[in-house]
Amino acid sequence: MCLHLKVSTKLLICLHSRRSQMRSHHTHSSFSLSFIFLFLFFNIFSLSTPKLEPLKPSPLGSYHQRKQPVSAILVFGDSTVDPGNNNYIPTAFKCNFPPYGLDFKNSIPTGRFCNGRLVTDFIGSYIGVKEFVPAYLDPNLGINDLMSGVSFASAGSGFDPLTPTIGNVIDIPTQLEHFREYKRKLESKIGKQNMEKQIKEAIFCVSAGTNDFVINYFTIPIRRKSFTIEAYQHFVTYNLKQFIQDLWHEGARIITVAGLPPIGCLPIVITVFSGEPLTNRRCIDRFSTVAINYNFYLQKELDLMQNSLAHLGSKIFYLDVYNPVYEIILDHRRFGFEEVSRGCCGIGYLEASVLCNPKSYVCPNTSAYVFFDSIHPSEKTYFILFKALRPIIDSFLSSF
């Protein structure tokens, strides 16, 4: 059964409205146009709950506390869960270079859009299947690597078929096809019956949607000509539901689906859509409200799916990302953060991927920043998010 938000949607909207008097909701068209040209230049030539508690000192250790009968962790989505698949495709959406990976093991830039580990790495370690979730397209993976789980995710992807075409990345249907290929590889090594058991006992993690709204709907006018924001939310959710159904038909039984974060608080969104991006770095409520409404509708649809498939052994869990991240931003000092409105890399306003590179300035203390670049959270933020999601993780572990 999907878990519901501890903080009501109405309360969050009221909170946003109260703060909105201090914020600007107007987009300077000339600035937005400049960003679109910057985005196109970058794309062509340069070829992201329970009450939270502050972290204790030295919090970013490994978790091996649980040893559950989980066979593997299998991941689909965008840059929030891509550990480096984009390294192996012709796209500008890459980060297999410093300063990415600054706080990863041996400071290796693996292709994770982060200074360190992702939430799925912490989950994989916590459930005892592997320390780091590797990229499926990594040619160096052996059968043991495949058996315990991989990520099929691709930075820049989304549930809207148009979204991955913007950055020439791996769309969701292709990620599904890679999963089918993955199953064939397992079957050839361990047999069909063992392969099916392996898939049935795996945990599936799905995390995408931010690019559909931030990069696609709000930045490029194509979808806005055909969809109202409400219609687009339903369109994205419909595509997500189709993907979940496809996973179920391929044998997935334990599926987690992450909602949207407070997208109005992403540094790049503030930079592009704030009327005063240099002087007013506060969250933009109208964008975060879109995320709230989308998450509410998504939860409702996942509940309906769960109710219809429960008798067949399926368990679908909604992962609340919005509330933990918003709480961190709202009360950042309680969690040991100093900067919430810009990334650690460069000036932190627009830098991401190749704009955050070995020549970029990097803040001296990554743990003081909620975001590492202008879009993606730092490892510390991901770890706090993992801690917030841990009760839900424990609930689906207990279902085995």
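Since this is a predicted model, take the numbers as computed values, not measurements.

Caption draft 1: Molecular detail of helix H14 (residues 379-397). Where H14 bends most, at Leu 389, the angle is about 45 degrees, and the proline Pro 391 comes one to four residues later. Along H14, 14 of the 19 residues are buried, which leaves the element largely enclosed by surrounding structure.

Caption draft 2: Representation of helix H6 (residues 172-190) within the structure. The end-to-end C-alpha separation of H6 is 27 Å, in line with the 27 Å expected for 19 residues at 1.5 Å each. The set of residues buried in H6 consists of Ile 172, Gln 175, Leu 176, His 178, Phe 179, Tyr 182, Lys 183 and Leu 186. The buried side chains of H6 occupy one side of the element, clustering within an arc of 155 degrees when seen end-on. Exposed side of H6, more than 90 degrees from the buried face: Pro 173 and Ser 188 are the residues found there. Among the structural elements, strand E1 (73-77), helix H4 (143-148), strand E2 (149-151), helix H7 (192-200), strand E3 (203-207) and helix H10 (229-249) are those in contact with the buried residues of H6. Trailing H6 by a residue or two, Gly 191 shows a phi angle of about 90 degrees, which is positive.

Caption draft 3: Spatial organisation of the packing of helix H3 (residues 119-126) against H14. Viewed as axis vectors pointing N to C, H3 and H14 meet at an angle of 45 degrees, and their least axial separation amounts to 9 Å. The angle between H3 and H14 places the two elements in the oblique class. Crossing hand, H3 versus H14: right-handed. Residues Val 119, Phe 122, Ile 123 and Tyr 126 of H3 form the contact with H14, whose own contacting residues are Glu 379, Tyr 382, Phe 383, Leu 385, Phe 386, Leu 389, Arg 390, Ile 393, Asp 394 and Leu 397. A class-by-class count of the residues in the contact of H3 with H14 yields eleven nonpolar, no polar and three charged.

Caption draft 4: Region of interest: the environment of Ile 347. With respect to the element layout, Ile 347 can be found in the loop between helix H13 (322-330) and H14. The sequence separation of Ile 347 and Val 362 amounts to 15 residues, and the corresponding C-alpha distance is 8.6 Å.

Caption draft 5: Spatial organisation of the side chain of Glu 301. Looking at the element boundaries, Glu 301 is found in helix H12 (residues 285-309). Excluding anything up to four places from it in sequence, Glu 301 contacts Thr 237 and Lys 241.

Caption draft 6: A look at the pattern of salt bridges. Using the criterion set out here, one finds twelve salt bridges in the structure. One salt bridge in this structure joins Lys 183 and Glu 250, with 2.8 Å as the shortest N-O distance. With Lys 183 in helix H6 and Glu 250 in the loop between H10 and strand E4 (254-258), the pair connects residues that are 67 residues apart, well separated along the chain. Taken together, the shared-partner salt bridges connect Glu 177, Arg 180, Lys 183, Arg 184 and Glu 250 into one network.

Caption draft 7: Region of the structure containing the state of the cysteines. In this structure the tally under the stated criterion is three disulfides. The disulfide bridge from Cys 344 ends at Cys 363, spanning 2.0 Å between sulfur atoms. Between Cys 344 and Cys 363, the S-S dihedral sits near -100 degrees, and the bridge is therefore left-handed. You can see Cys 344 sitting in the loop between H13 and H14 and its partner Cys 363 sitting in the loop between H13 and H14, a full 19 residues away along the chain. When its relative accessible area of 1% is taken as the criterion, Cys 344 is described as buried. On the basis of relative accessible area, Cys 363 is assigned to the buried category, the value being 4%.

Caption draft 8: Highlighting the pairing of strand E5 (residues 315-319). For E5, the buried fraction is high: four of the five residues fall into the buried class. Bridge count between E4 and E5: five bridges; the pairing is parallel. Bridge pairing links Ala 258 to Leu 319 in E5.

Caption draft 9: Broad picture of the nonpolar core. Counting residues in each nonpolar core, the largest one holds 112 residues, and the members touching the most others are Leu 74, Ile 127, Phe 179, Tyr 182, Phe 204, Phe 213 and Leu 247. Within the second largest apolar cluster, seven residues are counted, among which are Ile 166, Val 169, Ile 170 and Ile 220.

Caption draft 10: Spatial organisation of the packing of aromatic side chains. Inspection of the entire model under this criterion finds 29 aromatic pairs. With 6.3 Å between their ring centres and 5 degrees between their planes, Phe 76 and Phe 204 make a pair best called stacked. Of the two residues, Phe 76 is situated in strand E1 and Phe 204 in strand E3; the sequence distance between them amounts to 128 residues. The same class applies to Phe 76 as to Phe 204, namely buried. Pairwise contacts between aromatic rings join Phe 213, Tyr 217, Phe 218, Phe 227, Tyr 232, Phe 235, Phe 273, Phe 287 and Tyr 294 into one cluster. The side chain of Arg 281 reaches across the aromatic face of Tyr 349, ending 3.9 Å from its centre. It is Lys 380 that lies over the ring of Phe 337; its NZ or CZ is 4.5 Å from the centre.

Caption draft 11: Layout of the pairing of E3. Among the five residues of E3, five are classified as buried, and the element is accordingly described as predominantly covered. Residues of E3 alternate between two faces, with Ile 203, Cys 205 and Ser 207 on one and Phe 204 and Val 206 on the opposite face, all of them buried. Where E1 lies against E3, five bridges are found, and the strand directions are parallel. Bridging from a neighbouring strand, Gly 77 pairs with Ser 207 of E3. Pairing of E3 with E4 involves four bridges; the strand directions are parallel. Looking at the pairing, Val 206 lines up with Val 257 of E4.

The rules behind each value
Residues numbered from 1 in each chain as written. Predicted model: local features only at pLDDT ≥ 70, side-chain atom pairs only at ≥ 80, totals over all residues. Heavy atoms only, no water. Bend = angle between axes of the 7 residues up to and from the residue. Helix = DSSP H or I, 4+ residues; strand = E, 2+ residues; numbered from the N terminus. Buried < 20%, exposed > 50% of the residue type's maximum accessible area, 1.4 Å probe, protein only. Expected span 1.5 Å × (residues − 1). Arc of directions from axis to C-beta. Contact = heavy atoms within 4.5 Å. Axes fitted to C-alpha atoms, helices over the stretch in contact; angles between N-to-C directions. Parallel < 35°, antiparallel > 145°, perpendicular 65-115°, else oblique. Left-handed = near helix turned anticlockwise from the far one by under 90°. Nonpolar A, V, L, I, M, F, W, Y, C, P; charged D, E, K, R; others polar. Salt bridge = Lys/Arg side-chain N within 4 Å of Asp/Glu carboxyl O. Disulfide = S-S within 2.5 Å. Pairing = 2+ DSSP bridges. Core = buried A, V, L, I, M, F, W, Y, C linked by side-chain atoms within 4.5 Å. Phe/Tyr/Trp six-rings, centres within 6.5 Å; stacked < 30°, edge-to-face > 60°. Lys NZ or Arg CZ within 6 Å of the ring centre and 35° of its normal.

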